[in-house]
Amino acid sequence: MNDVFQAVKITDHVYWVGAIDWNIRDFHGYRTHRGSTYNAYLVVADHVALIDTVKVPFLEEMFARIASIVDPSKIRYIISHHAEMDHSGGLPAAMERIKPERLFASVMGGKALKAHFDLPGEVTAVKDGEILSLGNMNLAFHETRMLHWPDSMASFLDSDRILFSQDAFGMHLATAERFADEINPEIIEHEAATYFANILLPYSRLIETLLDKVGDWGHDIGRIAPDHGPVWRKNPSSILEQYGRWAAQRPQAKAIVLYDTMWKSTEKMARAVAEGVASRGVKVKVLSMAENHRSDAAFEILDSGAIIAGSPTLNNNIFPTMADVMTYLKGLKPLNRVGAAFGSYGWSGESISHIQTILSEMKVAIACEPVKCLYVPDRKVLKQCYDLGSCVADVVKKSI
Ligand code: FEO
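Residues numbered from 1 in each chain as written. Predicted model: local features only at pLDDT ≥ 70, side-chain atom pairs only at ≥ 80, totals over all residues. Heavy atoms only, no water.

S.K.: Talk me through the overall build of the chain; I want residue IDs and the actual numbers.
M.R.: When its secondary structure is counted, the chain shows 12 helices and 24 strands. Taking 21 Å as the expected radius of gyration for a compact globule of 400 residues, we find that the chain reaches 24 Å, a close match to that expectation. By its C-alpha atoms, the chain is 75 × 40 × 35 Å across when sized along the principal axes. For the chain, the share of sequence-separated contacts (at least 6 apart) that also reach a separation of at least 24 residues comes to 73%. Total accessible area computed for the chain in this model is approximately 16600 Å², and 51% of it derives from carbon and sulfur atoms. With 42 positive and 48 negative side-chain charges, the chain shows a spacing of 6 Å between the two charge centroids. (Helix = DSSP H or I, 4+ residues; strand = E, 2+ residues; numbered from the N terminus. Rg over C-alpha atoms; globule rule 2.2 N^0.38 Å. Contact = heavy atoms within 4.5 Å. Areas by Shrake-Rupley, 256 points an atom, 1.4 Å probe, with all protein chains shown as cover. Lys, Arg positive; Asp, Glu negative; His and termini not counted. Charge placed at Lys NZ, Arg CZ, Asp CG, Glu CD.)

S.K.: Please set out helix α10 (residues 320-332) residue by residue, giving values where relevant.
M.R.: If you check α10, its first and last C-alpha atoms are 19 Å apart, about what 13 residues at 1.5 Å a residue would give, namely 18 Å. Regarding α10, the residues found buried are Met-322, Val-325, Met-326, Tyr-328, Leu-329 and Leu-332. In a view along the axis of α10, the buried residues occupy a sector of 160 degrees, so they form one face of it. Of the residues in α10, the exposed ones pointing more than 90 degrees away from the buried face are Pro-320 and Thr-327. (Expected span 1.5 Å × (residues − 1). Buried < 20%, exposed > 50% of the residue type's maximum accessible area, 1.4 Å probe, protein only. Arc of directions from axis to C-beta.)

S.K.: How would you summarise the sheet that holds strand β1 (residues 8-9) if you had to cite specific residues and measurements?
M.R.: The strand order β1-β2-β7-β8-β9-β10-β11 describes an open sheet built from seven strands, whose pairing is mixed. Bordering the open sheet on either side are β1 and β11 (123-126), each of which pairs with just one other strand. The sheet contact formed by strand β2 (residues 14-16) and strand β7 (residues 41-43) spans three bridges and is antiparallel. Bridging across to β7, Trp-16 finds its partner in Tyr-41. Across the sheet, helix α3 (residues 91-98) lies against β8 (48-51), β9 (75-79) and β10 (102-106), angled at about 165 degrees from β9, the strand it touches most. Along the sheet, helix α4 (residues 107-116) contacts β10 and β11; its crossing angle with β10, the most-contacted strand, is approximately 110 degrees. (Pairing = 2+ DSSP bridges. Axes fitted to C-alpha atoms, helices over the stretch in contact; angles between N-to-C directions.)

S.K.: Give a detailed account of the packing of aromatic side chains, specifying residues and quantitative values.
M.R.: By convention here, two paired aromatic rings are described through the distance between centres and the angle between planes. Throughout the structure, instances matching the rule amount to eight aromatic pairs. An angle of 55 degrees between the planes, with centres 5.4 Å apart, marks the rings of Tyr-38 and Phe-58 as tilted. Residue Tyr-38 is located in strand β6 (residues 36-38), and its partner Phe-58 is located in the loop between β8 and α1 (59-67); the two are separated by 20 residues in the primary sequence. When its relative accessible area of 0% is taken as the criterion, Tyr-38 is described as buried. Arranged with centres 5.2 Å apart and planes meeting at 75 degrees, the rings of Tyr-77 and Phe-104 form a pair that is edge-to-face. One end of the pair, Tyr-77, is in strand β9; the other, Phe-104, is in strand β10, with 27 residues separating them in the sequence. Assessed through its relative accessible area of 4%, Phe-104 is described here as buried. These aromatic residues form a ring-pair network of at least three members: Phe-169, Phe-196, Tyr-243 and Trp-246. When the ring centre of Phe-63 is taken as origin, the NZ or CZ atom of Arg-97, which lies over that ring, is 3.9 Å away. Sitting over the ring of Tyr-328, Arg-294 keeps its end group 5.7 Å from the ring centre. (Phe/Tyr/Trp six-rings, centres within 6.5 Å; stacked < 30°, edge-to-face > 60°. Lys NZ or Arg CZ within 6 Å of the ring centre and 35° of its normal.)

S.K.: For the state of the cysteines, give the residues involved together with the corresponding values.
M.R.: Using the criterion set out here, one finds one disulfide in the structure. Through a disulfide, Cys-368 is tied to Cys-391; the S-S separation comes to 2.0 Å. With the S-S bond torsion at -95 degrees, the cross-link from Cys-368 to Cys-391 turns out left-handed. Of this pair, Cys-368 sits in the loop between β23 (365-366) and β24 (371-374) while Cys-391 sits in helix α12 (residues 379-399), placing them 23 residues apart in sequence. With a relative accessible area of 28%, Cys-391 lands in the partly exposed category. (Disulfide = S-S within 2.5 Å.)

S.K.: Give a description of the sheet that holds strand β16 (residues 223-226) that names residues and reports values.
M.R.: Here five strands make up an open sheet; going across it, the order is β12-β13-β14-β15-β16 and the pairing mixed. Edge positions in the open sheet fall to β12 (131-133) and β16, since each of these has one partner strand only. In this sheet, neighbouring strand axes are inclined to one another by 20 degrees on average, regardless of whether the strands run parallel or antiparallel. Of the strand pairs in this sheet, strand β15 (residues 162-166) and β16 are connected by four bridges, and their pairing is parallel. Bridge pairing in β16 places Ile-162 opposite Arg-223.

S.K.: With reference to specific residues and values, describe the packing of helix α5 (residues 185-200) against helix α7 (residues 237-248).
M.R.: Across the interface, α5 lies against α7 with an axial gap of 11 Å and an inter-helix angle of 45 degrees. In terms of axis orientation, α5 runs oblique to α7. Crossing hand, α5 versus α7: right-handed. Together, Glu-189, Ala-192, Ala-193, Tyr-195, Phe-196 and Leu-200 of α5 and Ile-239, Gln-242, Tyr-243, Trp-246 and Ala-247 of α7 make up the contact between the two elements. (Parallel < 35°, antiparallel > 145°, perpendicular 65-115°, else oblique. Left-handed = near helix turned anticlockwise from the far one by under 90°.)

S.K.: Give a description of the packing of helix α9 (residues 294-301) against α10 that names residues and reports values.
M.R.: Between α9 and α10, the least distance of the axes is 9 Å, while the angle of their chain directions is 45 degrees. Relative to α10, the element α9 lies oblique. Here α9 runs over α10; the crossing is right-handed. On the side of α9, the interface is formed by Arg-294, Ser-295, Ala-297, Ala-298 and Ile-301, while α10 contributes Asp-324, Val-325, Tyr-328, Leu-329 and Leu-332. The class makeup of the residues in the contact of α9 with α10 is seven nonpolar, one polar and two charged. (Nonpolar A, V, L, I, M, F, W, Y, C, P; charged D, E, K, R; others polar.)

This is the structure in structure tokens:
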């Protein structure tokens, strides 16, 4: 065991013993520009508990951090809040090495862990609201089903007023700092929003319910310790309130123009559409999907009232990058948006109808007639694109 990796004190009895992944850039399809962390927490109570583990390649880092505080064999309980492998991948090896008296997970967590691993030990299922005594302190479990997996749960350590929230309230951000208040607030805001948009947006209604429940739990939450990114130490209610705003899905007067292009025709159209949006005093962001990632589009959609998508027709279909981003956005289930389509074509021109079909499947209301351009947009077509942008902007302003 090396001495390089040290635990970081989070509260009187809780230490961060996770791992920093400076290099990860793709998290199941989400571009993690700033890396991530896999947070595991050691609760140094009469009965020592380890909360979550790390991704397999980071197991030694976790064990070294644990060993900087206690001999890992002293861990009596392991608690798995979430069975996804960025937190459970190290669990089988941790079970072998620690040989805990009990492994706890939610009922669904027990099933999920068994479906993932041949664990060297049983999983003790805990119910929503159940309290585990750690001797001199208590850990209260709360199911958070579908946030974002069926097994997800959180727990609250009464003595230290800390909520272990697993994926919720986290972000993908690799930093040496362990507390959000030590990091540039603009980065924190951006990465928390990107994480919400890419992971949690489809569960907005459940998040609103969860936020109500957090109040009912009756805990005086002093800190929130998620499974990714920094711990919320100062004013932890601010991230709860921010989640409430995002989950409400009340977009602003803003449109995103997503496009890709073959011979710059659709690009010219996109730029004209954006000018039309801006002419009405509505914010606009233009994202070429050749130059931007789908998860950047997800971030921009979080506060956008309109999605305006442009694609050339390629082999009777939409451009592959546009199919990619539209499929991704459809899965994120944004609510209360309007949209429109545009694009160039050479002979058949199916891209418009494909985009409109996807927008309709997303329950995005088609706000204005599409603009379809044969080969290269002339002045007249560019004016039509400008008018399309103005039209969508006017509808957005009325819809918010
Ligand atoms: Fe961080 Fe859903 O795993």
